[in-house]
Amino acid sequence: MFAAENGLKGDPRLQGISQAIRVVPDFPKPGIMFQDITTLLLNHKVFKDTVDIFVDRYKDMDISVVAGIEARGFMFGPSVALAIGAKFVPLRKPGKLPGKIISESYELEYGKDCLEIHVGAVQQGDKAVVIDDLVATGGTLSAAIKLLERMGAEVIECGCVIGVPEVKGQIRLKGKPLYILVEPRELEDC
Ligand SMILES: O=P(O)(O)OC[C@H]1O[C@H](OP(=O)(O)OP(=O)(O)O)[C@H](O)[C@@H]1O
Ligand SMILES: Nc1ncnc2[nH]cnc12
């Protein structure tokens, strides 16, 4: 789902969100236009608008789990979980969770990685949304969906602040809906 299709067309909060994202060319390697959401977090109104939009979206969907992807999903997910009355489950990079875990590897625009979840963090019957800052290839979200489904949860949707228009990821997301607030910024927008 894209900015024009997310039911928020004309919502002035989206422009504020987009403008608060800093674009850093060639980071972390040449050719990547890095979308830096740390500048969005510095603006209390825009940060709150972002969380509010996710909360409005998910508050009446009977969601029991908000899963956040390390690291940038941790910046939005917990606030959404608290506001909608769901538990927050961190999906972490390898070697960070101390308990029994299951893991899923995936490929990124700039390398390979792996996500892990604590066994027992979600149960059969849980209804989950996955929150992250950005979807590019969809590899990360797709690993998150697999982890949650392996634990018996139903993944209702993935919510990201930024999404590339092509969403190659849509194919990889096993048909799960994707709720995206804004498209990536180009340098000339800044
Ligand atoms: O759709 P994809 O191609 O999978 O890429 C999206 C992922 O890449 C970024 O995280 P990154 O792996 O750089 O980790 P970080 O949040 O720890 O910086 C971003 O925060 C997403 O999690
Ligand atoms: N262009 C990008 N900016 C920020 N994070 C990313 N993760 C994958 N691609 C990215």
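Residues numbered from 1 in each chain as written. Chains lettered and ligands numbered in written order. Predicted model: local features only at pLDDT ≥ 70, side-chain atom pairs only at ≥ 80, totals over all residues. Heavy atoms only, no water.

Asks: What am I meant to see in helix α3 (residues 44-58) here?
Replies: Between the first and last C-alpha of α3 there are 21 Å, a value that for 15 residues agrees with the 21 Å anticipated at 1.5 Å per step. Within α3 the residues assigned to the buried category are V46, D49, T50, V51, I53, F54, V55 and Y58. Capping the start of α3 is the job of one residue whose side-chain oxygen sits 3.2 Å from the backbone nitrogen of K45: N43. (Helix = DSSP H or I, 4+ residues; strand = E, 2+ residues; numbered from the N terminus. Expected span 1.5 Å × (residues − 1). Buried < 20%, exposed > 50% of the residue type's maximum accessible area, 1.4 Å probe, protein only. Polar contact = N/O pair within 3.5 Å; in protein donor to acceptor, adjacent residues only side chain to side chain.)

Asks: Sorry if this is basic, but what is going on with the packing of helix α1 (residues 12-19) against α3 here?
Replies: Two packed helices can be described by the angle between their axes and the distance between those axes. Remark: α1 packs on α3, axes separated minimally by 9 Å, with the N-to-C direction vectors making an angle of 125 degrees. In this view, α1 runs oblique relative to α3, as classed from their interaxial angle. Remark: the crossing between α1 and α3 carries left-handed chirality. Contacts between α1 and α3 involve R13, L14, G16 and I17 on the former and, on the latter, V46, D49, T50, D52, I53 and D56. (Axes fitted to C-alpha atoms, helices over the stretch in contact; angles between N-to-C directions. Parallel < 35°, antiparallel > 145°, perpendicular 65-115°, else oblique. Left-handed = near helix turned anticlockwise from the far one by under 90°. Contact = heavy atoms within 4.5 Å.)

Asks: Sorry if this is basic, but what is going on with the packing of α3 against helix α4 (residues 77-84) here?
Replies: The geometry of α3 relative to α4 is characterised by a closest axis approach of 9 Å and an angle of 45 degrees between their N-to-C directions. As the angle between them shows, α3 and α4 are arranged oblique. α3 and α4 meet at a crossing whose hand is right-handed. On the side of α3, the interface is formed by V51, F54, V55 and Y58, while α4 contributes S79, V80, A83 and I84. In the contact of α3 with α4, the residues fall into seven nonpolar, one polar and no charged. (Nonpolar A, V, L, I, M, F, W, Y, C, P; charged D, E, K, R; others polar.)

Asks: What exactly am I supposed to notice about the pairing of strand β8 (residues 154-163) here?
Replies: The side chains of a regular strand alternate between both faces of the sheet. By the criterion of burial, β8 is predominantly enclosed, with eight of the 10 residues buried. Relative to β8, strand β7 (residues 127-135) runs parallel, the two being bridged by eight bridges. Its bridge partner being in β8, D132 is matched across the sheet by C160. Once you follow β7 into helix α5 (residues 139-150) and on to β8, the crossover reads as right-handed. (Pairing = 2+ DSSP bridges. Right-handed = clockwise from strand over helix to strand, strands pointing away.)

These results come straight from atomic positions and should not be treated as a statement about function.
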